[in-house]
Amino acid sequence: MTTNSKIALVTGGSRGLGKDMALKLAQKGHNVILTYHSKLDEAQKVITEIEKLGRKAIALQLDVADSASFDSFVQEIKVAVQANFQKDKIDYLVNNAGVGVHANFEETTLEQFDNMVNIHLKAPFFLTQKLLPIFNNGGGIVNIASGLTRFSFTGYDAYAVMKGGVETLSKYQAKFLGERGIRVNIVAPGAIETDFGGGAVRDNKELNDYIASLTALGRVGMPDDIGSVVAFLCSDEAKWVNGQRIEVSGGIFL
Ligand code: NDP
């Protein structure tokens with residue numbers, strides 16, 4: 001079973017949305033490589049949960065802000081894939097890892113902007129590029145964007161600009177990788193209760209209620225609203241879905 005399974009790599013799979021994606025990908029039958037930045041203990045809990053589902057998972061450390069480390073990270077993946085799954089390539093990639101920054105247009109510093117570029121734009125671009133030699137033809141990539149590319153919330157200016165860039169990147173990737181049968185799609189979550197942004201959507205009741213009031217389904221999102229959509233896109237059920245942006249927000253600002 002393990003050797004026939006596909007391999008999915010999820011960046012930032014230790015918590016929040018990435019954790020749910022890793023679990024849903026395992027439920028789809030995939031083995032999972034998840035990355036963490038600082039919370040190895042959380043990553044290990046995800047591995048245990050995946051093993052309970054009868055799949056195999058490993059965790060590797062990655063700082064997506066450090067693009068100079070991507071070459072050695074890809075080498076690490078290569079070695080780990082061989083050692084743990086007896087394969088030489090991965091099948092799916094979910095570019096998910098990231099943090100936000102809260103500053104409006106006037107307040108945003110060059111340092112904050114550069115950090116957002118590195119994490120949300122440079123990483124999906126160059127990490128994906130460097131993974132291509134160890135990517136199976138016929139696989140798939142999901143880039144995590146945000147509802148904030150379709151509507152604006154003051155304070156997310158620099159962050160949303162990067163997510164807009166990720167959406168454009170996804171279309172170019174889909175076109176370029178089509179000849180290898182690799183599909184590239186975008187999942188754009190609405191506001192979800194995770195640690196993101198200091199956990200504001202989850203912990204600030206006023207904000208939570210406000211977002212719920214803007215949403216057709218009358219609540220904010222939960223991590224398990226997202227992972228199943230990503231897992232669908234990383235499966236043959238979505239074999240004809242390519243270059244698409246799927247917003248998963250319960251219908252905010254309709
Ligand atoms: P969380 O804060 O809950 O989790 C962040 C994850 O990313 C963790 O696994 C963390 O690792 C990892 N991470 C953070 N910084 C880095 C870094 N520099 N290098 C590598 N990994 C890093 O966030 P969410 O799960 O909510 O967010 C996941 C994605 O979804 C992000 O791209 C975010 O922009 C996007 N998104 C989130 C929304 C929301 O409302 N939550 C809405 C729309 C989009 P560790 O655990 O080790 O710290």
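Before reading on, note that the structure itself is shown above.
Residues numbered from 1 in each chain as written. Predicted model: local features only at pLDDT ≥ 70, side-chain atom pairs only at ≥ 80, totals over all residues. Heavy atoms only, no water.

Draft legend 1. Structural view of the pattern of salt bridges. In the structure shown here, the tally under the stated rule is 13 salt bridges. Where E49 meets K19, a salt bridge forms, and the shortest distance between an N and an O atom there is 3.5 Å. With E49 in helix α2 (residues 40-52) and K19 in helix α1 (residues 16-27), the pair connects residues that are 30 residues apart, well separated along the chain. Classification of E49 by relative accessible area gives partly exposed; the value is 31%. For D20, the salt bridge identified is with K24, shortest N-O distance 3.0 Å. Note that D20 and K24 are positioned in helix α1 at a spacing of four residues, about one turn of the helix. The two residues D20 and K24 agree in class, both being buried. Residues joined in a network through salt bridges with shared partners are R15, D195, R202 and D203. (Salt bridge = Lys/Arg side-chain N within 4 Å of Asp/Glu carboxyl O. Helix = DSSP H or I, 4+ residues; strand = E, 2+ residues; numbered from the N terminus. Buried < 20%, exposed > 50% of the residue type's maximum accessible area, 1.4 Å probe, protein only.)

Draft legend 2. Molecular detail of the packing of aromatic side chains. A complete count under the given rule lists seven aromatic pairs for this structure. Arranged with centres 6.1 Å apart and planes meeting at 80°, the rings of F151 and F153 form a pair that is edge-to-face. Measuring from ring centre to ring centre gives 5.9 Å for F153 and F253, while their planes differ by 50°; the resulting arrangement is tilted. Highlighted residues: F153 in the loop between β5 (135-144) and α5 (157-177) and F253 in the segment after β7 (245-248), separated in sequence by 100 residues. Look at F153 and you get partly exposed, because its relative accessible area is 21%. Exposure remark for F253: the relative accessible area of 33% places this residue in the partly exposed category. (Phe/Tyr/Trp six-rings, centres within 6.5 Å; stacked < 30°, edge-to-face > 60°.)

Draft legend 3. Representation of the packing of α1 against α2. Packing of α1 against α2 leaves a shortest axis separation of 9 Å and a crossing angle of 20°. By the angle between their directions, the pair α1 and α2 is classed as roughly parallel. Classified by chirality, the crossing of α2 by α1 is right-handed. Residue-level contacts link K19, A22, L23 and A26 of α1 to V46, E49 and I50 of α2. Among the residues making up the contact of α1 with α2, the classes are represented as five nonpolar, no polar and two charged. (Axes fitted to C-alpha atoms, helices over the stretch in contact; angles between N-to-C directions. Parallel < 35°, antiparallel > 145°, perpendicular 65-115°, else oblique. Left-handed = near helix turned anticlockwise from the far one by under 90°. Contact = heavy atoms within 4.5 Å. Nonpolar A, V, L, I, M, F, W, Y, C, P; charged D, E, K, R; others polar.)

Taken by themselves, the reported measurements are silent on function.
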